[in-house]
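Understanding the architecture of this molecule
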Amino acid sequence: MTLLTANALGSLLANAISTSSMRLGRVVHARIVKTLDSPPPPFLANYLINMYSKLDHPDSARLLLRLTPSRNVVSWTSLVSGLVQNGHFSSALLEFLEMRREGVFPNDFTFPCAFKAAASLRWPVTGKQIHALSVKCGRILDVFVGCSAFDMYCKTKLRGDARKMFDEIPQRNLATWNAFLSNSVTDGRPMEAVGAFIEFRKIGGHPNSITFCAFLNACSDGLLLSLGEQLHGLVFRSGFDTDVSVCNGLIDFYGKCKKIHCSETVFAEMGTRNAVSWCSLVAAYVQNHEDEKASLLFLRSRKEIVETSDFMISSTLSACAGMAGLELGRSVHAHAVKACVERTIFVGSALVDMYGKCGCIEDSEQAFDEMPEKNLVTMNSLIGGYAHQGQVDMALALFDQMAPRGSGPAPNYMTFVSVLSACSRAGDVENGMEIFDSMKSSYGIEPGAEHYSCVVDMLGRAGMVERAYEFIKKMPIQPTISVWGALQNACRMHSKPHLGVLAAENLFKLDPKDSGNHVLLSNTFAAAGRWAEANTVREEMKGVGIRKGTGYSWVTVKNQIHTFQAKDISHRMNKEIQTMLSKLRNEMEAAGYKPDLKLSLYDLEEEEKAAEVAHHSEKLALAFGLLALPLGVPIRITKNLRICGDCHSFFKFVSGSVKRDIIVRDNNRFHRFVGGTCSCKDYW
C-alpha cells in the first residue's frame, strides 16, 4: 500500500470539500488514522474540521475540534464558517463565544462569519458586540471585516449605524459598494442605490455583474425606465451583454417597466440561458397580463428540458389564474407534485389563488389545508377566492383568524381589498362599513382608492346610490376611475340617470378615450328608457372616433377554445347551436322565464328586442357547451365583459332544467349556476 504524505492527504480533503464528497472525506480520514500518529498534524486536523463542517456534519467537526490539543484560530474559524455556510447561525455564534472563552482572538476570516450569523438571525445587539470586539482587536479596518459589519447593520435595519460604518471604511472595494447597493434595494430605497452607483462611477469604479444586477433591481423597483436604459448601454460598453445574470436582470427590469417587447428581445438574443432566464420572462409576461404567452413559454421550457423551479411553477399558475385556464392549471399542479414542490409556500399560495380564480373553491380550500406552512399571501389568496364566489361568511371567518383577533398574520392592504370586495358582492353593507371604519383605527392601514371603490360598489349594489355619492364627496383622496365607474354602474342598475351623467362627466375627464365609460352612460339612459340621450352618446362616440370594445364569450372543449360574439353565425356548428338555443328558450319560457327587454340597448320593437337579447355571446357559448361537452362535465364559460342580467336569469333556469353546473367568469366575478340557483345573490 502506497503511503501518502500529510500534504497529499490534505489535498485529498480539499478535493472532498470542493466535490461535496463525504465518502471521499471519510476514506481520507480513515487513512490518516491508520497511517499517521495521533493526534495528526495541526494543519491536517484543521482540514478535517473544515471538511466535516462544510459538508454539514457539525457534530463530527465539533468532536474533532475538542480532540485537537493544539487548536488555534484556524481550527475555530473552520468550524464557525462551516456552520454559517449551512445555516446553523445560533450554533456558529455559540462556538464563536466558546473560542473567546479559550482566549483565542478572531482573525479577518472569523469576524465576517460572525457578522453574517448575527445578520441572518437579525440580532443587532450581538452584531454590535462583535463590532466592538473587532475594533478592540484592530480588525475593523480590514475591508472585508468592515464590509461584513456594514452588511450586518443593513440587515438588522440599523440604517444610521450602517451609513456611519460605510463612511468609516478607509478603502472601499467593489464588494463594499455592491453590499451598499444591494442592501439599499432590499431595504426599499432604490434612489439611494442610484445615488451610490453614480458616486461609485465618479470615483472611477468598474462595475461587475453583481453591481449591474443590483442597479437594475433599483431601476425595476423605482420604475426608472430611462436610467435602466442608460445602464443597458453601459452593459454593452463594458462587455457584460453576454453575462447570463445581467441579461436576466434586464428581462426583469423591462418587464416591470411595461416594456415586454424589450424583455423578449433580450431573451431572444441570449446565447446561453439558464432556468432563471425562463422564469424571468414568464414572470414578465404575467406582470404585463400576457397570460397566454406566459403559458406557451412554460410549455416550451418543458420541451427544452429546462430545470423546473417553484418560482417558474408559481408564475405559470398565476398566468392560468389570470385567464381562467383550469385545465392547464391542473396540468401544472400535476407537474408540481412530480417535482415535489406543491407544498412550498410560493407554489401552494399560487395553487390556492389559481383554483379560487377558476371557480373551484373546494380545490382552493384543499390546497390551502394541505400546506404545512401558510403566510399572509396564502390567506389573502383564499379570501380573494371567497370574494370571487360571493361567499362573504367564509371570507369573514378566515379574516377573523388573522391578528389581532386570531393567531394568524396581521392583515395588509390587499387583505382589506378582498374582504371589502366579498362584502360588496354579497351586499353585506353592515359588516363592510364596520371593516372599512376599522382599517385605520384598529389596524393602522390608510384606506386607498381600491378600498373606497369597494365601498361605493357595495353601497351601489344595495341600492344606496345617493349615499354612495355622498361617500364619494367626503373622500379624503381624489376619486379614481374605479370609484366613479362603480357609481355609474349603480346608476344604470337602479335607474338614476341624473347621477349617472355626473359620474360619466368625471370619468370622461379622467379617461376620455375609454369606450367603456361612454357605453355605460348610453346603457344608463337606455335602461331608463331615455333612448334619444342614449343614441346621442353613441353618435358622439362615433364623432370622436371611439369604438365600443367587442364582447366575447369562450368555452374550451378538448383543448380547443371556441369563441363567440353576439349574433355570431360563423361557428361550424352554427345550425345545431341555433336549434339548441331555440329549444332552450322555448323550454325556459314555458318554465316561467321572461326576457328582460330593458337590457336591449337600442330603441326597437318588442319582438326585435327579444331577438337581440336572445343571441348574446354567452348564450351561444352555453348552447355549444351543452352540445359538445359530455353529461356530468361542468360548462365553464369565460367572458371579457360582464354577463348581462337577462343571461344571468336565463342561465339559472337552464341549470335547473338540464341538471348541469354552469360556471361563468366575467370581468367582474364568478357566477356558479346549480339547480336553478346562482352562488351570487344577484347578477351584479
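Residues numbered from 1 in each chain as written. Predicted model: local features only at pLDDT ≥ 70, side-chain atom pairs only at ≥ 80, totals over all residues. Heavy atoms only, no water.

Take the packing of helix H23 (residues 376-389) against helix H25 (residues 413-426) next. Between H23 and H25, whose axes approach to 8 Å, the crossing angle comes to 15 degrees. Taken together, the axis directions place H23 and H25 in an arrangement best described as roughly parallel. Crossing geometry of H23 relative to H25 is assigned as left-handed. Of H25, the residues touching H23 (which contributes Leu 376, Asn 380, Ile 383, Gly 384, Ala 387 and His 388) are Met 414, Thr 415, Ser 418, Val 419, Ser 421, Ala 422 and Arg 425. Of the residues in the contact of H23 with H25, the class split is six nonpolar, six polar and one charged. (Axes fitted to C-alpha atoms, helices over the stretch in contact; angles between N-to-C directions. Helix = DSSP H or I, 4+ residues; strand = E, 2+ residues; numbered from the N terminus. Parallel < 35°, antiparallel > 145°, perpendicular 65-115°, else oblique. Left-handed = near helix turned anticlockwise from the far one by under 90°. Contact = heavy atoms within 4.5 Å. Nonpolar A, V, L, I, M, F, W, Y, C, P; charged D, E, K, R; others polar.)

Judged by nonpolar contacts, the single largest core of 164 residues is most densely connected at Met 51, Met 354 and Leu 487. Broken down by element, the residue count for this core peaks at eight residues, all from helix H17 (residues 275-287). Counting residues in each nonpolar core, the second largest holds 29 residues, with Val 555, Ile 577, Ile 635 and Val 664 among its members. (Core = buried A, V, L, I, M, F, W, Y, C linked by side-chain atoms within 4.5 Å. Buried < 20%, exposed > 50% of the residue type's maximum accessible area, 1.4 Å probe, protein only.)

Counted by the stated rule, this structure contains 28 salt bridges. Between Glu 304 and Arg 300 there is a salt bridge, with the nearest N and O atoms lying 3.4 Å from each other. Overall, Glu 304 belongs to the partly exposed group, its relative accessible area being 43%. On the accessibility criterion, Arg 300 (37% relative accessible area) is partly exposed. Ionic contacts of the salt-bridge type, sharing partners, join the residues Lys 157, Arg 159, Asp 187, Arg 189 and Glu 192 into one network. (Salt bridge = Lys/Arg side-chain N within 4 Å of Asp/Glu carboxyl O.)

The next thing to look at is the environment of Gly 406. The topology assignment puts Gly 406 in the loop between helix H24 (392-400) and H25. Along the primary structure Gly 406 and His 29 are separated by 377 residues, whereas in three dimensions their C-alpha atoms are 54 Å apart. In this view, Gly 406 contacts Asp 400 and Gln 401; residues no more than four positions away in its chain are not counted.

Let us now look at the UniProt feature "repeat: PPR" (unreviewed entry) in the protein. As recorded in UniProt, the sites labelled "repeat: PPR" (unreviewed entry) are residues 72-106, 375-409 and 412-442. When the span residues 72-106 is considered, its composition is 74% helix and 0% strand, and the gap between its end C-alpha atoms is 10 Å. Overall, residues 375-409 shows 66% helix and 0% strand. The separation of its end C-alpha atoms is 7 Å. (UniProt positions renumbered as here; feature names shortened; annotations may be inferred.)

Its 14 residues place the ends of helix H13 (residues 209-222) 20 Å apart at the C-alpha level, agreeing with the 20 Å of an ideal helix rising 1.5 Å per residue. Counting buried positions along H13 gives ten out of 14 residues, so the element sits mostly inside the fold. For H13, the N-terminal cap is Asn 208; the gap from its side-chain oxygen to the backbone nitrogen of Ile 210 is 3.1 Å. One or two positions beyond H13, positive phi appears at Leu 223, with a value near 50 degrees. (Expected span 1.5 Å × (residues − 1). Polar contact = N/O pair within 3.5 Å; in protein donor to acceptor, adjacent residues only side chain to side chain.)

This part covers helix H35 (residues 617-628). If you check H35, its first and last C-alpha atoms are 16 Å apart, about what twelve residues at 1.5 Å a residue would give, namely 16 Å. Of all twelve residues making up H35, ten are buried, and the element is well covered by its neighbours.

What follows deals with unusual backbone geometry. Trans peptide bonds make up most of the peptide bonds, and negative phi angles are found at most residues other than glycine. Residue Pro 39 is bonded to the preceding Ser 38 through a cis peptide linkage, with omega at -5 degrees. With respect to the helices and strands, the residue Pro 39 is situated in the loop between helix H2 (22-35) and helix H3 (42-54). If you check the backbone angles, Lys 567 has positive phi at about 60 degrees while not being a glycine. For Lys 567, the position within the fold is in the loop between strand S2 (560-564) and helix H33 (574-590).

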